[in-house]
Amino acid sequence: MCGIAGFYHKAKDYREYGTHYRSILTGMHKKLWRRGPDDAGIYLSRHCGLSHSRLSIRDISGGHQPMVRTSQGRTCSIAYNGEIYNAKELRETLEKRGWRFETTCDTEVILLGYMEFGSAFVTQLNGIFACAIYDSAKETLCLFRDPMGVKPLFYTECQEEIIFASEIKGILAHPGVKAEVGREGLNEIFGIGPARSVGCGVFRNMREVRPGECISYGRNQPLRQELYWKLESHPHEDSYEKTIETVSSLVQDAIRRQMVSDVPICTFLSGGVDSSLVSAVCADELKKQGQQLATFSFDFVDNQKNFKANDFQPSQDRPFVEKMVAHIGSSHTFLECGNEKQIEMLFDSVKAHDLPAMADVDASMLYFCSLVSTQYKVALTGECADEIFGGYPWFHKRECFQADTFPWTMDLSPRKEMLSQEFLEYLDMDSYVQENYQRSADETPRWEGDSPEEARRREISYLNLKWFMQTLLNRMDRASMYNGLEARVPFADTRIVRYVWNVPWEMKTRNGVVKNLLRESGRGLLPEEVLFRRKSPYPKTYDPRYESLLKGMVRERILSGHSPILQFVDPKKVEKFLSQPSDYGKPWYGQLMAGPQMLAYLLQIDAWMENYHVQVVS
């Protein structure tokens, strides 16, 4: 994986002030060095500049970027972040059409594929990617992002110049861009966060290339935005048995494909069905090569003592992890995070995201990834299975099913509890959230044969894919890449998503079993007690000392009288919140963000405003 950045202007000649613009490109990739600490490069042409920081995973010696190729007088260049899992097949196709390769890396496959087929080549890619390709003959810049949005790519327009980067910090390194936020951005932070509206970059005039989107700029063409990938709804014609067989085949093929690497791989293993399936397939493949899989699990110091079972988190992970380690024979490491480290990482998490994030849910993952990255550069994870196969409570609970809003945040009152009345009136949070919800619900691909209940299931599934899954993918990308670790997500394979999208709910939850379709497809790979374990999400700490430390920091940092967040909150309301007991069983976002996470989120907002020198504009 890597970090990319650059700029484009259809009329400006960057070569006239080459030293100046090369310096800007260097500054941009230096801001992204944590995504790619192994190598860096820049490329400057008349209308375009590309910058790259590289994490070397495939073709260690030959994959330097930006990569430039010339054929028949036509020069094209690329800066790319990602992995293409069908690169071998695509390479063979291009070789048959006369292309000759200088490297074994997938970067060259994309570049030569573009030169042969144009921007339509992106539809042939199976992988996770964000890339920029400049075609000097056409004087055109194309920005692409993978269909699931696993890899990030932000951009802004500044006086007819397009500035882009894998992360916002890369764009802010450009001297023409200011860190400003308006009403829309503040609603994203306080009303939508830690999620983001599709395509929104929170900062003023900042956008993100949407999942499955191609954006192109050219001398003789206006800005063109095109979704090259989207879901389509149609009747599912396979039998139940055939459906299980197909899902099993797709899942195992996706996992095997994503094991491709020129450096050793590992997996994250929680003891849940998702990560256990990934780990079981990887372990089996490595055994065939005479190798042993390394697995890692995450928890918190003293969580065995402090854990409180609830509807959202019914059981601890460790007993199930131990069963899986014995079953697959992996070399396992149990990683733990303490209170002080988790609080320290809250602020690194802001630096990783350039935004407030999922509070300690994100900060702890950031810490765990830092530990894994000392030994490995590539990890496979079980992310995205719940969104695709219907694993979350809001797929099943009647009140969520009937809610005319985002089912993971049905009540906005906890978000308003500490905000000043004046700020609440300025935000009009309810309207902003409702408009975004309705827009996404209306985009749901329909099929006229669906019953009203099945149509609503599609809506909830679509919202999960476009919103909740994207939040978790952002979390995984930033937490891993901040530490030079590439985290792969086999369940986000587009073939799986397309197929399962049209499988009726009755098959997905046959006999009332949550994620039944995925579980049945994993028979023979996992022990029964793991295969049919009740879902328990990513762990969080239940140590009361953690909340006590957070309260002390809020009083010290926010109520001290110098905090930038004081322009949004009511100090009396904050003190009242600090004085009341927390309810761990009533999250305000997803399953894990309750009272303590609200305090941590406020601290992240405060750090974001201060460290990024964010200015509020009307």
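Quick caveat: nothing in here was measured; it's all calculated off a predicted structure.

Caption draft 1: Fine view of the overall build of the chain. Of regular secondary structure, the chain possesses 24 helices and 19 strands. Its C-alpha radius of gyration of 24 Å places the chain within 12% of the 25 Å reference for a compact globule of 618 residues. Structurally, the chain occupies a C-alpha span of about 70 × 60 × 50 Å along its principal axes. In the chain, which comprises 618 residues, the share counted as buried stands at 64%. Entry remark: accessible area of the chain is about 23,400 Å², with carbon and sulfur atoms responsible for 47%. Each charge class in the chain was averaged separately, 75 positive and 82 negative side chains, and the resulting centres sit 2 Å apart.

Caption draft 2: How the structure looks around empty space enclosed by the protein. Within the structure shown, the criterion is met by 13 cavities of 30 Å³ or more. Considering only enclosed or pocket space, the largest cavity measures out at about 650 Å³ in volume. Taken together, 41 residues form the lining of the largest cavity, with Glu383, Asp386, Lys535, Pro537 and Tyr538 sitting closest to its centre. Only helix H7 (273–288), strand E15 (294–300), helix H11 (359–372), helix H12 (385–389) and helix H17 (452–481) provide two or more residues apiece to the lining of the largest cavity. Here the lining of the largest cavity gets 4 residues from one element, more than from any other, and that element is H17. Here the residues of the lining of the largest cavity are counted per class, giving 21 nonpolar, 9 polar and 11 charged. Its volume calculated, the second largest cavity comes out at about 190 Å³. Residue lining of the second largest cavity: 20 residues in total, with Val198, Pro211, Leu465, Lys466 and Gln470 positioned closest to the centre. At 7 residues, H17 tops the list of elements feeding residues into the lining of the second largest cavity.

Caption draft 3: Representation of the sheet that holds strand E17 (residues 378–380) in the model. Taken together, the 5 strands give an open sheet; going across it, the order is E16-E15-E14-E17-E18, and neighbouring strands pair in parallel fashion. The strands lining the two open edges of the sheet, one partner per strand, are strand E16 (331–337) and strand E18 (486–488). With strand direction ignored, the average angle separating the axes of adjacent strands in the sheet is 30°. In terms of strand pairing, E15 meets E16 through 7 bridges, oriented parallel. Its bridge partner lying in E16, Asp299 is registered against Glu336.

Thresholds, definitions, all that
Residues numbered from 1 in each chain as written. Predicted model: local features only at pLDDT ≥ 70, side-chain atom pairs only at ≥ 80, totals over all residues. Heavy atoms only, no water. Helix = DSSP H or I, 4+ residues; strand = E, 2+ residues; numbered from the N terminus. Rg over C-alpha atoms; globule rule 2.2 N^0.38 Å. Buried < 20%, exposed > 50% of the residue type's maximum accessible area, 1.4 Å probe, protein only. Areas by Shrake-Rupley, 256 points an atom, 1.4 Å probe, with all protein chains shown as cover. Lys, Arg positive; Asp, Glu negative; His and termini not counted. Charge placed at Lys NZ, Arg CZ, Asp CG, Glu CD. 1 Å grid on protein atoms, 1.4 Å probe; cavity = no way out; pocket = protein on both sides within 12 Å on 5 of 7 lines; lining within 4 Å. Points joined across faces, edges and corners; volume = space filled by probe spheres on them. Nonpolar A, V, L, I, M, F, W, Y, C, P; charged D, E, K, R; others polar. Pairing = 2+ DSSP bridges. Axes fitted to C-alpha atoms, helices over the stretch in contact; angles between N-to-C directions.

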